[in-house]
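# Coordinates in review
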Amino acid sequence: MKKKISLCLGWWGARWFIHIWVYKYLEEQGYEIQEISWTSMWAIVWAAIALGMTADEIYEFIKKEFSYWKLIDFSFWKWMVAGDKLFKKLSEVYGKTKVSATSTPLKIVATDLSDCSMKVFENELMLDAVRASLSVPILFEPHKIDGVPYVDGMLSENLPLSVLLWDDILAVSTAMSLECKYKTTKDIGTKSFNKSLYNNEAISLYKCEKHVDLIRPVYDDIDFLDFHKYDKIVKIWYKAAEEYFRKQ
């Protein structure tokens with residue numbers, strides 16, 4: 001009998017590629033995913049999974065279609081990414097597909113900038129939900145849906161456990177360890193932001209009354225902008241998933 005689980009996935013820049021290989025391991029071991037929740041850039045990948053792609057197909061799909069730097073269109077007057085190129089690519093990939101149309105139930109989390117509340121997309125267009133969820137503040141322009149501006153869901157709940165219905169949850173955090181070293185001004189900013197993610201996730205874990213297994217291996221040599229390190233990232237996390245489940 002297949003083991004049924006819910007998946008909750010956290011975000012932290014380029015480190016979100018790890019989720020592809022956690023999924024690959026679950027796929028190979030015959031796990032049945034009942035529902036998925038996630039936030040930010042990782043929404044691109046889990047939307048693909050829910051639409052029926054395998055882990056290997058998603059890996060090639062992301063490398064080919066979502067080259068991070070090719071989809072950046074800088075708005076100089078606002079000093080942030082406009083997101084028009086990305087929205088066009090999302091339109092090509094998802095078309096008019098709604099979040100509710102996927103074979104696996106999805107919960108895409110964003111933050112309503114008008115009142116700072118958490119928004120859970122379940123029946124909206126996939127391209128709108130994904131674009132809203134990955135709108136990292138300061139980096140991306142907020143995405144408006146029916147006049148309401150949305151930004152990254154990680155501000156509300158980086159590990160969106162509260163939106164899941166099933167009791168058996170696997171949560172995957174991509175946060176760096178609190179012991180990660182810093183040498184430059186950028187490193188200080190990275191460590192400070194990472195600490196805020198830790199606190200955010202700790203609150204979600206504390207409040208969750210369901211059974212949660214958390215995977216958060218240490219690999220601090222991968223920074224949040226290391227999008228070019230595809231192969232290194234996925235190898236690290238396939239091994240991490242394998243080691244974690246071997247102990248269960």
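Residues numbered from 1 in each chain as written. Predicted model: local features only at pLDDT ≥ 70, side-chain atom pairs only at ≥ 80, totals over all residues. Heavy atoms only, no water.

### Here's the deal with the overall build of the chain
The number of helices and strands found in the chain is eight helices and 10 strands. Pairs at least 24 residues apart make up 73% of the contacts formed inside the chain by residues separated by at least 6 positions. With the model as given, the accessible surface of the chain reaches about 12,000 Å², and the carbon-plus-sulfur share is 55%. (Helix = DSSP H or I, 4+ residues; strand = E, 2+ residues; numbered from the N terminus. Contact = heavy atoms within 4.5 Å. Areas by Shrake-Rupley, 256 points an atom, 1.4 Å probe, with all protein chains shown as cover.)

### Concerning the packing of aromatic side chains
Per the stated rule, a full pass over the model turns up one aromatic pair. Here the aromatic rings of Phe-121 and Tyr-150 are separated by 5.4 Å at their centres, their planes lie at 70°, and the arrangement is edge-to-face. Separated by 29 residues along the polypeptide, Phe-121 in strand β6 (residues 117-121) and Tyr-150 in strand β8 (residues 148-152) bring together distant segments of the chain. Overall, the relative accessible area of 1% leaves Phe-121 in the buried class. Residue Tyr-150 is classed as buried on the basis of its relative accessible area of 8%. The positively charged end of Arg-216 is found above the aromatic ring belonging to Tyr-198, 4.1 Å away from the centroid. (Phe/Tyr/Trp six-rings, centres within 6.5 Å; stacked < 30°, edge-to-face > 60°. Buried < 20%, exposed > 50% of the residue type's maximum accessible area, 1.4 Å probe, protein only. Lys NZ or Arg CZ within 6 Å of the ring centre and 35° of its normal.)

### Section: the pairing of β6
Looking at chain direction, strand β5 (residues 106-112) and β6 are connected through five bridges and run antiparallel. Of the residues in β6, the one forming a bridge with Asp-112 is Ser-117. In this antiparallel pair of consecutive strands, β5 and β6, the connection spans four residues, and Cys-116 shows a positive phi of 65°. (Pairing = 2+ DSSP bridges.)

### Regarding the packing of helix α4 (residues 84-94) against helix α5 (residues 126-133)
Remark: α4 packs on α5, axes separated minimally by 9 Å, with the N-to-C direction vectors making an angle of 145°. Both α4 and α5 take part in a crossing whose hand is right-handed. Seen from α4, the contacting residues are Leu-86, Phe-87, Leu-90, Ser-91 and Tyr-94; seen from α5, they are Met-126, Leu-127, Asp-128, Val-130 and Arg-131. When its residues are assigned to classes, the contact of α4 with α5 shows seven nonpolar, one polar and two charged. (Axes fitted to C-alpha atoms, helices over the stretch in contact; angles between N-to-C directions. Left-handed = near helix turned anticlockwise from the far one by under 90°. Nonpolar A, V, L, I, M, F, W, Y, C, P; charged D, E, K, R; others polar.)

### Brief notes about the environment of Ser-173
You can see Ser-173 is positioned in the loop between β9 (168-172) and α7 (185-207). The class of Ser-173 is buried, set by a relative accessible area of 0%. C-alpha separation for the pair Ser-173 and Glu-201, spaced 28 residues apart in sequence, amounts to 8.3 Å. At 2.9 Å, the side chain of Ser-173 and the side chain of Arg-216 are in polar contact. (Polar contact = N/O pair within 3.5 Å; in protein donor to acceptor, adjacent residues only side chain to side chain.)

### Observations regarding the pattern of salt bridges
Enumeration over the complete set of coordinates arrives at three salt bridges. In this structure, Lys-107 and Glu-35 form a salt bridge, with 3.7 Å as the shortest nitrogen-oxygen distance. Taken as a pair, Lys-107 in strand β5 and Glu-35 in strand β2 (residues 32-39) lie far apart in primary sequence, 72 residues in all. Here the two residues Lys-107 and Glu-35 agree in accessibility, since each one is buried. (Salt bridge = Lys/Arg side-chain N within 4 Å of Asp/Glu carboxyl O.)

### Looking at the environment of Glu-179
Within the secondary structure, Glu-179 is located in the loop between β9 and α7. Distance from Glu-179 to Lys-191, taken between C-alpha atoms, is 8.9 Å for residues 12 residues apart in sequence.

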